[in-house]
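# Coordinate inspection notes
Residue-level listing of the chains:
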Amino acid sequence: MEVTLQNLTKSFPNRNRKKQEDVIAVDNLNFKIPDGKLIGLLGPSGCGKSTTLNLISGLLKPTGGRIFFGEEDVTGLPPENRGIGLVFQNYALYPHLTVKKNILFPLQNLKGRDRLTKEQMLTKAYEAARLVQIDELMDRKPAELSGGQQQRVAIARALVKMPRVLLLDEPLSNLDARLRLQTREEIRRIQRETGITTIFVTHDQEEAMSISDMIVVMKEGVIQQIGRPQEVYDNPANLFVARFLGTPPINVFDGQVKENKLYIGGDAVLDVKGVRNGRVYAGIRPEGFILRVDGPLCCGLDRVEVMGRDISVVSCNSASLNGAVRSIINTDSNVDTEAQNVRFALKPSKVLLFDRETEARLYAEP
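Overview of the structure. (Residues numbered from 1 in each chain as written. Predicted model: local features only at pLDDT ≥ 70, side-chain atom pairs only at ≥ 80, totals over all residues. Heavy atoms only, no water.)

We now examine helix H4 (residues 147-159). Spanning 13 residues, H4 covers 19 Å between terminal C-alpha atoms, matching the ideal 18 Å at 1.5 Å per step. Every buried residue of H4 is accounted for by Gly-148, Gln-150, Gln-151, Arg-152, Val-153, Ala-154, Ile-155, Ala-156, Arg-157, Ala-158 and Leu-159. Of the surrounding secondary structure, the elements contacted by the buried residues of H4 are strand E6 (84-87), helix H2 (99-108), helix H3 (118-131), strand E7 (165-169) and helix H5 (177-194). (Helix = DSSP H or I, 4+ residues; strand = E, 2+ residues; numbered from the N terminus. Expected span 1.5 Å × (residues − 1). Buried < 20%, exposed > 50% of the residue type's maximum accessible area, 1.4 Å probe, protein only. Contact = heavy atoms within 4.5 Å.)

Right, here's the structure in full:
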């Protein structure tokens, strides 16, 4: 099911009596979610991603704009008539019911022509349980399950009616690191097997990038960028997107362009043709550093952290806006841990320039 948002806006009354204007949580969103894709709504807390999900679900009414499922305008439809499945952060399972009864609950509330026989409902419940691999736990109650198993029950309950659109609101937040990894892989598998259009809300950029076909990065209710995860990572539209995506985060320096060269501090570190002279923000991804004794960028060595397949060199530079400069290099590289300084050459594709005023991306000629 293709989902289209047209000029979608949601505002709330301002609780601060000194300010008369409303608080705009979602500001004029326009984007289309292709049929059968998994889309990640990504951004920091308060950016409007959960509000957007609640507008799509019908739990909130928009202040302005329209929502379409395919050709159907669902803006005024109540949630139960939209054909959606919802999975929340806190699972929202009925503690006094077994897993089987929790999954059956949405089917038992069907009315009219949609109503099913008991045999049909049981068949669908077990199909949903097998899909999320909990069919052996059907007689247990939620308190007897692990967090990951409870989350699977919530997903099965959302899937049992085979919704047109599946909405996931921070579904992994309550799980430990290993379970988060396992469960997000399961969500991706389930989505691919069912082909249901899925919208996944998270503030965790690693989650969104790992399982989404496309990500929508939001800030203060406004879309900053839409695209495939790797494309957005490699070519962020502005400094906010560049900083939000990436672990460790991008290193940002106070830089200057003079005569087609980028300067960080007093060092000319890279050729940047076609960028006008002036001060810029220079972002360097951690994997963009090459350890080299004659490298143009000089940093004060703090420490070296061995991370298994990689080495993290932590250094400092007076032009850095991050505090510490983090560089990820190959374990084959030899770092003199007793040295005071470390020098790097830079990979041009991993150096990103941004306007000092607008923070928009500046592009150098290839």
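A regular strand places its side chains so that they alternate between the two faces of the sheet. Pairing analysis gives 4 bridges linking strand E12 (residues 261-264) to strand E13 (residues 267-271), with the strands arranged antiparallel. Its bridge partner lying in E13, Lys-261 is registered against Asp-271. Counting the residues that bridge the hairpin from E12 to E13 gives 2 residues, and of these Gly-265 lies at a positive phi of roughly 65 degrees. (Pairing = 2+ DSSP bridges.)

Our next topic: the packing of aromatic side chains. Counted under the stated rule, the structure contains 3 aromatic pairs. Between Tyr-94 and Phe-105 the ring centres are 4.8 Å apart and the planes differ by 50 degrees, which places this aromatic pair in the tilted class. On the criterion of sequence distance, the pair formed by Tyr-94 in the loop between E6 and H2 and Phe-105 in helix H2 is long-range, its members being 11 residues apart. The class of Phe-105 is partly exposed, set by a relative accessible area of 30%. Between Phe-289 and Phe-344, the aromatic rings sit 5.1 Å apart at their centres with planes inclined by 70 degrees, giving edge-to-face as the arrangement. Here the residue Phe-289 occupies a position in strand E15 (residues 289-291), and Phe-344 occupies one in strand E19 (residues 341-346), the gap between them amounting to 55 residues. Geometry around Phe-12 places Lys-10 over its ring, the cationic atom sitting 5.2 Å from the centre. We note Arg-285 situated over the ring of Tyr-233; from NZ or CZ to the ring centre the distance is 4.0 Å. (Phe/Tyr/Trp six-rings, centres within 6.5 Å; stacked < 30°, edge-to-face > 60°. Lys NZ or Arg CZ within 6 Å of the ring centre and 35° of its normal.)

Relative to each other, H4 and H5 sit at 20 degrees, their axes nearing to 11 Å. Comparing the axis directions of H4 and H5 gives the class roughly parallel. Judged by the sense of rotation from one axis to the other, the crossing of H4 with H5 is right-handed. Along the contact surface, H4 presents Gly-148, Gln-151, Arg-152, Ile-155 and Leu-159, while H5 presents Leu-179, Gln-182, Thr-183, Glu-186, Ile-187 and Ile-190. (Axes fitted to C-alpha atoms, helices over the stretch in contact; angles between N-to-C directions. Parallel < 35°, antiparallel > 145°, perpendicular 65-115°, else oblique. Left-handed = near helix turned anticlockwise from the far one by under 90°.)

Turning next to the sheet that holds strand E5 (residues 72-73). Here we have 4 strands laid out as an open sheet, ordered E2-E1-E4-E5, and antiparallel in their pairing. One side of each edge strand has no neighbouring strand; the edge strands of this open sheet are strand E2 (23-33) and E5. Pairing geometry for strand E1 (residues 3-12) and strand E4 (residues 64-69), over 5 bridges, is antiparallel. Pairing of Thr-9 across the sheet is with Gly-64, part of E4. Helix H1 (residues 49-57) contacts E1, E2 and E4 of the sheet and is inclined by roughly 115 degrees relative to E1.

It is worth spelling out the nonpolar core at this point. Formed by 35 residues in total, the largest nonpolar core has its most connected members in Ile-103, Ile-134, Leu-159 and Ile-187. At the level of elements, H2, H3, H4, E7 and H5 are the ones that each hand at least two residues to this core. The element contributing the most residues to this core is H4, with 6 residues. In contact with Ile-187, not counting residues within four places along its chain, are Leu-38, Ile-155, Leu-168, Pro-171, Leu-172, Phe-200 and Ile-211. Judged by nonpolar contacts, the second largest core, of 26 residues, contains Ile-264, Val-272, Leu-301 and Ala-319. (Core = buried A, V, L, I, M, F, W, Y, C linked by side-chain atoms within 4.5 Å.)

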